[in-house]
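A closer look at the structure
Each chain, written out:
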Amino acid sequence: MSEPHNLRQAALDYHEFPKPGKLEIRATKPMANGRDLARAYSPGVAEACIDIKDDAANAERYTARGNLVAVVSNGTAVLGLGNIGALASKPVMEGKAVLFKKFAGIDCFDLEVDEPDPEKLAEIVCALEPTFGAINLEDIKAPDCFIVEKICRERMNIPVFHDDQHGTAIVVGAAAKNALHVAGKRFEEIKIVSTGGGAAGIACLNMLVKLGVRRENIWLCDIHGLVYSGRKEDMNPHKDSFAQNTDLRTLDQVIDGADLFLGLSGPNVLKPEMVEKMSDRPIIFALANPTPEIQPAVAREVAPDAIIATGRSDFPNQVNNVLCFPFIFRGALDVGATEINDAMQIACVDGIADLARATTSAEAAAAYKGEQLNFGADYLIPKPFDPRLVGVVSSSVAKAAMQSGVARRPIEDLEAYKEKLNQTVFKSALLMRPVFEAASAASRRIVFAEGEDERVLRAAQAILEETTETPILIGRPDVIESRCERIGLAVRPGRDIQIVNPENDPRYYDYWNSYHQIMERRGVTPDLAKAIMRTNTTAIGAIMVHRGEADSMICGTFGEYRWHLNYVEQVLNDGDLRPHGALSLMILEDGPLFIADTHVRQLPDPGELAEITLGAARHVRRFGLEPKIAFCSQSQFGNQTEGSGNRLREAIRILDSKPRDFTYEGEMNLDTALDPELRQRIFPNSRLEGAANVLIFAHADAASGVRNVLKMKANGIEVGPILMGMGNKAHIVTPAITARGLLNMAAIAGTPVAHYG
């Protein structure tokens, strides 16, 4: 079977299964009983209607309008398919709606309107203003799209944005800004030659003028050749604004000395001999899809130093509207903007361009494994899955809306707003805030045993940027430096980060002697101690903490948990310091859930279960939460005399022997722990109120299994595992940890024990 056929079938299957289409509507309020129905509909709904009638601004309080966008098309210019009609455009519009939700959390209805007349289409769109907070016009042919947008913007008091025009223009503007930076050129000085006089092409040229390009330096060509003064064929006011007073007539004639070629036309329009006529370090934006105006490899044959962007994802620098539209709408909606004006669009340009120059995020690197994401000729704009886009771009747009006077609901604290946006993509951010705040009160040294791992390197960069902690990496300096360079990190060993080189460190003698002194009566000879201090980075990290050269260690990015635990126990067990258990925080859609013991005690006895519970309660409070602990078992409140229930009941008796400042209950089934109504029916005198937020299991297999199911099937984000009982001197992560997870663990390790009891 051919590859194109495979791709076609895969795409069709994607749209058809498991249910047709790409989106659905879900209720955001409970609808489980008559009381819910009475509030959601009659008679309760009348109260919301009356308040909105009295004050239209209340619609944003009581309805979804403030976070609802319409994607509207009549199907007259769909992708590269042309005028395929409103119905056939629906898969594209559904896709746009999904992207709004995925990248910016915006709800969206796709509206395919069977109306080719632009004025009538505009009338229909204007009549929809009570339903939506903003309008995204899509895939409407030129020049009709100009007419529709103009009418809608004049009559509507909400943002109206034609993404094919302005979204493309914004991303082109960001890419051009950074391309000129790389090439050492300025907007005010460059000559631009453009092919394509449609809506997107005209909008891009207008944007470049706003960014500083002189209109007389822009040469626009279309299918009939150069747009020149006095031309009659296929002209309109938008093209006419770029007409040149010249005798030149063809692309080949005007390309001479061009600094930037902007193509939004058709395949193979730009010939190699034309590229040869361009200036030094030419910038070529060949954006036609699926076949660009010139293939990058062909262009580089005649201009090896060319800076090239396309509209395709299989080449560097894909100019993709998804970098813009979710985030410009997010910012506009959040301040109640009445329009998306030039200031907001330029703020979007600057936000996208600036983000590309920043250190690449670990999440973007993970989504685009194998690609070089270092700012330069092959990385001019961020990737769509860079999670920082919503915080950086949307907050810039919101600020511009407020400064330009179109915001009806100004935001007082933009930094707090940006942090809130980041919390929508970094799900751990909100829960981790108390931990980061506590860690900021100290300046602890955290040693990472696997210092050559890319995730550790990215975490080290983030630690230096976001915390007061000092990362120490165990690894070979040359390997660390080359990997930092390869993945585009600014940190360098020796300059920014202390390195412990297992192959050649001046402290080697002290380290192996310290390890030998600890282990000499447990069968470790001097030669073995020397070998371990050359090869075992977990043991080296533990020795550093033991000797006071680091305050805490983090290990476990590869290998088996208990192998690492063995060396932590060997070196750092000291009186009251011993591992009690591992606590995993699972961040779920409906809130956090803590699980223990996932790794340390396979079959904890009642005393160990009591220790695990006390440790869990202490750590839960680090996150600003009050622990509500459930002991989970197949047994339910004494209904089974065998199995784990006996150990859990005895653990409860141990806890009951002294006053405790947290709530615990058990033993019970897992559903009983999480469903208060079920628990009330089964055991009405339970001392636990509401759903439990901590689950204690009597078997590590059960705890670990629940943890993994929540990760894989409920899209749970794990913070941890947190090693309890070691005085915060060591934490062992798992190989699935991300760079963001390591940063979270560093914040946990960065808080002295005294800060949380």
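Residues numbered from 1 in each chain as written. Predicted model: local features only at pLDDT ≥ 70, side-chain atom pairs only at ≥ 80, totals over all residues. Heavy atoms only, no water.

The name given to the chain in an unreviewed UniProt entry is NADP-dependent malic enzyme, and the organism recorded there is Ruegeria sediminis.

In this section: the overall build of the chain. Counting secondary structure elements, the chain contains 31 helices and 21 strands. On the principal axes, the C-alpha backbone points of the chain span a range of 95 × 75 × 55 Å. In the chain, 70% of the contacts between residues at least 6 apart in sequence involve partners at least 24 apart. Working note: accessible area of the chain is about 33,500 Å², and carbon and sulfur atoms make up 52% of it. Of the side chains in the chain, 82 bear a positive and 100 a negative charge, and the two mean positions are spaced by 3 Å. (Helix = DSSP H or I, 4+ residues; strand = E, 2+ residues; numbered from the N terminus. Contact = heavy atoms within 4.5 Å. Areas by Shrake-Rupley, 256 points an atom, 1.4 Å probe, with all protein chains shown as cover. Lys, Arg positive; Asp, Glu negative; His and termini not counted. Charge placed at Lys NZ, Arg CZ, Asp CG, Glu CD.)

One pass over the full model with this rule turns up ten aromatic pairs. Considering the side-chain rings of Phe 109 and Phe 132, the 6.0 Å spacing of their centres and the 85° angle between planes classify their relative orientation as edge-to-face. Here Phe 132 lies in the loop between helix 6 (118-126) and strand 3 (134-137) and Phe 109 lies in strand 2 (residues 107-112), a separation of 23 residues in the sequence. Residue classification places Phe 132 among the buried residues on the basis of a relative accessible area of 2%. Taking NZ or CZ as reference, Lys 191 lies 5.3 Å from the ring centre of Trp 219, over its face. (Phe/Tyr/Trp six-rings, centres within 6.5 Å; stacked < 30°, edge-to-face > 60°. Buried < 20%, exposed > 50% of the residue type's maximum accessible area, 1.4 Å probe, protein only. Lys NZ or Arg CZ within 6 Å of the ring centre and 35° of its normal.)

A few words now on the pattern of salt bridges. Applying the stated criterion across every chain yields a total of 45 salt bridges. The salt bridge partner of Arg 26 is Glu 24, with a shortest N-O separation of 2.7 Å. Judged by relative accessible area, Arg 26 falls into the exposed class, the value being 67%. Asp 107 is paired through a salt bridge with Lys 101; the nearest N and O atoms lie 2.7 Å apart. In the salt-bridge network here, residues are joined through shared partners; they are Asp 505, Arg 507, Asp 510, Arg 547 and Glu 549. (Salt bridge = Lys/Arg side-chain N within 4 Å of Asp/Glu carboxyl O.)

On to the UniProt feature "domain: Malic enzyme N-terminal" (unreviewed entry) in the chain. The sites that carry the UniProt feature "domain: Malic enzyme N-terminal" (unreviewed entry) are, in the present numbering, residues 20-153. The distance separating the terminal C-alpha atoms of residues 20-153 is 34 Å; by composition the span is 41% helix and 12% strand. (UniProt positions renumbered as here; feature names shortened; annotations may be inferred.)

Attention now goes to the packing of helix 23 (residues 526-535) against helix 24 (residues 537-546). Closest axis-to-axis distance for the helix 23/helix 24 pair is 6 Å, and the angle between their directions is 100°. By the angle class used here, helix 23 and helix 24 are roughly perpendicular. For the pair helix 23 and helix 24, the contacting residues are Ile 532, Met 533 and Thr 535 in the first and Thr 537, Ala 539, Ile 540 and Ile 543 in the second. Grouping the constituent residues of the contact of helix 23 with helix 24 by class yields five nonpolar, two polar and no charged. (Axes fitted to C-alpha atoms, helices over the stretch in contact; angles between N-to-C directions. Parallel < 35°, antiparallel > 145°, perpendicular 65-115°, else oblique. Nonpolar A, V, L, I, M, F, W, Y, C, P; charged D, E, K, R; others polar.)

Moving on: the environment of Ala 749. Mapped onto the secondary structure, Ala 749 falls in helix 31 (residues 739-749). Along the backbone, Ala 749 and Ala 127 are 622 residues apart, and their C-alpha atoms lie at a distance of 57 Å. With sequence-adjacent residues up to four places away left out, Ala 749 is seen in contact with Arg 444, Ile 446, Ser 552, Ile 554, Asn 728 and His 731.

Together, Glu 412, Asp 413, Glu 415, Glu 419, Glu 465 and Glu 466 make up a negatively charged patch on the protein surface. Where the negative patch is concerned, the elements lending two or more residues are helix 18 (414-425) and helix 20 (454-466). Along the polypeptide, Glu 466 turns up in helix 20. (Patch = residues over 30% accessible without salt bridge, like charges linked within 9 Å, V, L, I, M, F, W, Y side chains within 5 Å.)

Attention now goes to unusual backbone geometry. Going from Ser 42 to Pro 43, the amide bond is cis rather than trans, its omega being 5°. The amide bond that connects Asn 289 to the next residue, Pro 290, takes the cis arrangement and shows omega of 0°. When you line up the elements, Pro 290 lands in the loop between strand 9 (283-286) and helix 13 (296-302). Not every positive phi belongs to a glycine, and Phe 637 is a case in point at roughly 50°. Tracing the backbone shows Phe 637 in the loop between strand 17 (628-632) and helix 27 (644-656). The backbone of Asn 728 sits at a positive phi, close to 65°, despite the residue not being glycine. Within the fold, Asn 728 resides in the loop between strand 20 (717-724) and strand 21 (730-732). For Asn 728, a relative accessible area of 2% translates into the label buried.

It is worth spelling out the nonpolar core at this point. Among the nonpolar cores identified, the biggest contains 99 residues, and Ile 135, Phe 285 and Phe 329 are the most heavily contacted of them. Take this core: its biggest share by element is ten residues, from helix 8 (residues 163-183). When near neighbours in sequence (up to four residues on either side) are disregarded, Phe 329 contacts Val 69, Phe 100, Ile 106, Ala 134, Ile 135, Asn 136, Phe 161 and Ile 340. (Core = buried A, V, L, I, M, F, W, Y, C linked by side-chain atoms within 4.5 Å.)

In spatial order, the strands read 7-6-5-8-9-10; together these six strands make up an open sheet with mixed pairing. On the outer flanks of this sheet lie strand 7 (225-226) and strand 10 (307-310), each paired with one strand and no other. Bridge count between strand 5 (residues 192-195) and strand 8 (residues 260-263): four bridges; the pairing is parallel. Each bridged residue has a counterpart across the sheet, and for Val 193 the counterpart in strand 8 is Phe 261. Strands strand 8, strand 9 and strand 10 of the sheet are contacted by helix 8, whose axis makes an angle of about 155° with strand 9. (Pairing = 2+ DSSP bridges.)

Position of Asp 597 relative to the elements: it lies in the loop between strand 16 (591-596) and helix 26 (606-622). The buried charged residue Asp 597 lacks any salt bridge partner; its closest oppositely charged side chain belongs to Arg 601, at an N-O distance of 5.5 Å. Looking at Asp 597, its side chain comes within polar contact range of the main-chain nitrogen of His 599, at 3.1 Å. Here the side chain of Asp 597 touches Arg 601 through a polar contact of 2.6 Å, landing on its backbone nitrogen. (Polar contact = N/O pair within 3.5 Å; in protein donor to acceptor, adjacent residues only side chain to side chain.)

Given 3.6 residues to a turn, an α-helix orients residues that are three or four positions apart in the same direction. Its twelve residues give helix 18 an end-to-end C-alpha distance of 17 Å, which sits within 8% of 16 Å, the value for a rise of 1.5 Å per residue. Among the residues making up helix 18, those that are buried are Tyr 417, Leu 421, Asn 422 and Gln 423. Two to three positions downstream of the cap, the backbone nitrogen of Glu 415 sits 3.2 Å from a side-chain oxygen, assigning the N-cap of helix 18 to Asp 413. (Expected span 1.5 Å × (residues − 1).)

Glancing now at the sheet that holds strand 11 (residues 445-448). With parallel pairing, the five strands of this open sheet are ordered in space as 13-12-11-14-21. Both outer strands of the open sheet, strand 13 (498-500) and strand 21, are each paired with one neighbouring strand and no more. Averaged over all pairs of adjacent strands, the angle between their axes in this sheet comes to 20°, without regard to strand direction. With three bridges connecting them, strand 11 and strand 14 (residues 552-555) associate as parallel partners. Within strand 14, the residue paired with Ile 446 across the bridge is Ser 552.

Time to look at the packing of helix 15 (residues 342-357) against helix 17 (residues 389-403). Put simply, helix 15 and helix 17 touch, their axes get as near as 8 Å, and they point 150° apart. With respect to each other, helix 15 and helix 17 are oriented roughly antiparallel. Every pair of crossing elements has a handedness; the one defined by helix 15 and helix 17 is right-handed. Residue-level contacts link Ala 343, Met 344, Ala 347, Cys 348, Gly 351, Ile 352 and Leu 355 of helix 15 to Leu 389, Val 392, Val 393, Ser 396, Val 397, Ala 400 and Ala 401 of helix 17. A class-by-class count of the residues in the contact of helix 15 with helix 17 yields twelve nonpolar, two polar and no charged. (Left-handed = near helix turned anticlockwise from the far one by under 90°.)

Next up on the list: the side chain of Thr 613. Mapped onto the elements of the fold, Thr 613 is located in helix 26. Not counting the four nearest positions on each side in its chain, Thr 613 is found in contact with Ile 629, Phe 631, Leu 655, Phe 662 and Ile 696.

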